[in-house]
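Observations on the model geometry
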Amino acid sequence: MKLIVGLGNPGIKFKNTRHNAGIWITEGWCASRQLTDFTLKKKLKAKISKTPQLIVALSQTFMNESGQAVQKIMKEFKIIPPNLLLVHDDSDLMIGTYKLQYNRGPAGHNGVTSVIQAINGQKFSRLRIGIRPLIPDHRPKAGSFVLKKFNSSEIAKLKSLLPEIDKSIKEWLLL
């Protein structure tokens, strides 16, 4: 059994913000796979969609508390860390780019730090979704930047990533 978790912040206020890129991309990937039957599981602090081989979760905790949901889901479904894929925003990467990596530190991402602490390790995969504007050498401070909404051209760039991300997730699922 594999687990994909999209990270973000709950509530309509945060729906199209940069910090919710993980949830947004996860939802887009699920829609392309007809995995749209999500059920809110308050006990797990997530919306869950399940197939015989895969669980997809959309965290319903605030980003800095993501570990709470991930730990509960992993325990409930007996998922081991190497079978976990976190999908999250990354301000070190430009919009329109992503990286799939395994066994990496949090690199300053508080949501990832929360997960690493909650599951006592970092031996899981991360799909890092670029949210940095396409301005050379521009490195915004994470604080308020991650809570800003995407503009229409940035949304188009994110949407254009979905076919490539689909291939990467398919490869990860075969590991």
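Residues numbered from 1 in each chain as written. Predicted model: local features only at pLDDT ≥ 70, side-chain atom pairs only at ≥ 80, totals over all residues. Heavy atoms only, no water.

1. Considerations on the pattern of salt bridges
Close approach of charged atoms lets side chains of opposite charge pair. Throughout the structure, instances matching the rule amount to 5 salt bridges. In this structure, E76 and K43 form a salt bridge, with 3.2 Å as the shortest nitrogen-oxygen distance. With E76 in helix α2 (residues 66-77) and K43 in the loop between β2 (39-41) and β3 (46-50), the pair connects residues that are 33 residues apart, well separated along the chain. For E76, a relative accessible area of 38% translates into the label partly exposed. Across the pair D90 and R128 runs a salt bridge whose closest N-O atoms are separated by 2.5 Å. One end of the pair, D90, is in strand β5 (residues 84-94); the other, R128, is in strand β7 (residues 125-132), and 38 residues separate them in sequence. (Salt bridge = Lys/Arg side-chain N within 4 Å of Asp/Glu carboxyl O. Helix = DSSP H or I, 4+ residues; strand = E, 2+ residues; numbered from the N terminus. Buried < 20%, exposed > 50% of the residue type's maximum accessible area, 1.4 Å probe, protein only.)

2. Digging into the nonpolar core
I4, W29, L127, I129 and I165 are the most contacted members of the largest nonpolar core, which totals 23 residues. Every element with two or more residues in this core is listed here: α1 (21-32), β4 (54-59), β5, β7 and α5 (152-174). Top element by residues in this core is α5. It accounts for 5 residues. Setting aside its immediate chain neighbours within four residues, I129 contacts A21, I25, V87, H88, D89, D90, T97, Y98, L158 and I165. The next biggest cluster of nonpolar side chains, apart from the first, holds 20 residues, and it includes M63, I73, L84 and I116. (Core = buried A, V, L, I, M, F, W, Y, C linked by side-chain atoms within 4.5 Å. Contact = heavy atoms within 4.5 Å.)

3. A look at the pairing of β5
Of all 11 residues that make up β5, 8 are buried, and the element is covered over most of its length. As paired elements, β5 and β7 share 7 bridges and run parallel to each other. Residue pairing in the sheet places M94 in a bridge with R132 of β7. (Pairing = 2+ DSSP bridges.)

Any link to function would need more than the numbers given here.
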